Amino acid sequence: MTGANINVMGDLYMNDKSRTIGDISGRFGDNVNIQGDNVNQIKSVNDSQLNTAYQDLYNDINKIQDEEKKEQAEFFAHQLQEAGESDDKSKIKKMLGFLKGSLGTAASLVTIAKFFGVTL
């Protein structure tokens, strides 16, 4: 504003939310999200959640009374972790299925399945 006189009595708060992005300008607010070509996105994952789920899985396995079933479940859990490290979705789903047979729909299995984007 050129040549304007503004008299303010009290507090004055101004919040200019106008933005210019390339040839686009306007009032976008605080959260500006413009899609474009050649955009690189990175998925940030919380490994501590996955590690906690694996710990919970092994705790669930340790509660199995039948030693043979427990050893088998431990084997499948180990195979599941290896499949997860190599992001082998087919093997992950197969191992989760075997473990579901031993543990049912344990929360640890659901968390691991969700993490890798597979269904039980």
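Here goes a summary of the coordinates provided.

Rules used in this analysis
Residues numbered from 1 in each chain as written. Predicted model: local features only at pLDDT ≥ 70, side-chain atom pairs only at ≥ 80, totals over all residues. Heavy atoms only, no water. Helix = DSSP H or I, 4+ residues; strand = E, 2+ residues; numbered from the N terminus. Buried < 20%, exposed > 50% of the residue type's maximum accessible area, 1.4 Å probe, protein only. Polar contact = N/O pair within 3.5 Å; in protein donor to acceptor, adjacent residues only side chain to side chain. Expected span 1.5 Å × (residues − 1). Arc of directions from axis to C-beta. Salt bridge = Lys/Arg side-chain N within 4 Å of Asp/Glu carboxyl O. Core = buried A, V, L, I, M, F, W, Y, C linked by side-chain atoms within 4.5 Å. Contact = heavy atoms within 4.5 Å. Phe/Tyr/Trp six-rings, centres within 6.5 Å; stacked < 30°, edge-to-face > 60°.

### Examining the environment of Asp66
Then, in step 1: As for its position among the elements, Asp66 is in the loop between helix H1 (47-62) and helix H2 (67-85).
Then, in step 2: Under the relative-accessibility criterion, Asp66 is labelled partly exposed at 38%.
Then, in step 3: Among the polar contacts made by the side chain of Asp66, one reaches the main-chain amide nitrogen of Glu68 at a distance of 2.9 Å.

### Quick look at helix H3 (residues 89-103)
Then, in step 1: With 15 residues, H3 extends 20 Å from end C-alpha to end C-alpha; this agrees with the ideal 21 Å at 1.5 Å per step.
Then, in step 2: Within H3, the full set of buried residues consists of Ile92, Met95, Leu96, Leu99 and Leu103. Burial along H3 is one-sided: seen end-on, the buried residues are contained in an arc of 105 degrees. The exposed residues of H3 that point more than 90 degrees off its buried face are Ser90 and Gly101.
Then, in step 3: A positive backbone phi angle near 75 degrees is found at Gly104, which sits one or two residues after H3.

### A short note on the pattern of salt bridges
Then, in step 1: For the coordinates displayed, the defined rule picks out two salt bridges.
Then, in step 2: Note that Glu67 is salt-bridged to Lys70, the shortest N-O span being 3.6 Å. Remark: Lys70 and Glu67 occur in helix H2; sequence separation between them is three residues, near one turn of the helix.
Then, in step 3: One salt bridge in this structure joins Lys89 and Asp87, with 3.2 Å as the shortest N-O distance.
Then, in step 4: Exposure remark for Lys89: the relative accessible area of 36% places this residue in the partly exposed category.

### Things to note about unusual backbone geometry
Then, in step 1: Despite not being glycine, Asp87 shows a phi value in the positive range, around 55 degrees.
Then, in step 2: Here Asp87 shows up in the loop between H2 and H3.

### As for the nonpolar core
Then, in step 1: Core analysis: the largest hydrophobic core is formed by 22 residues, its most contacted members being Leu57, Ile61, Leu80, Leu96, Leu99 and Ile112.
Then, in step 2: For this core, the elements supplying multiple residues, two or more each, are H1, H2, H3 and helix H4 (107-116).
Then, in step 3: When neighbours within four sequence positions are excluded, Leu80 is seen to be in contact with Tyr54, Leu57, Ile92, Met95, Leu96, Leu99 and Ile112.

### A word on the packing of aromatic side chains
Both the distance between ring centres and the angle between the ring planes are used here to describe each pair of aromatic rings.
Then, in step 1: Within the structure shown, the criterion is met by three aromatic pairs.
Then, in step 2: With a centroid separation of 4.6 Å and an interplanar angle of 25 degrees, the aromatic rings of Phe76 and Phe98 are classed as stacked. Of the two residues, Phe76 sits in helix H2 while Phe98 sits in helix H3, which places them 22 residues apart along the sequence.
Then, in step 3: Judged by its relative accessible area of 12%, Phe76 falls in the buried class.
Then, in step 4: On the basis of relative accessible area, Phe98 is assigned to the partly exposed category, the value being 38%.
Then, in step 5: Residues Phe115 and Phe116 carry aromatic rings whose centres are separated by 5.2 Å and whose planes lie at 80 degrees to one another, so their mutual orientation is edge-to-face.
Then, in step 6: Grouping aromatic residues by their ring pairs yields a cluster made of Phe75, Phe76 and Phe98.

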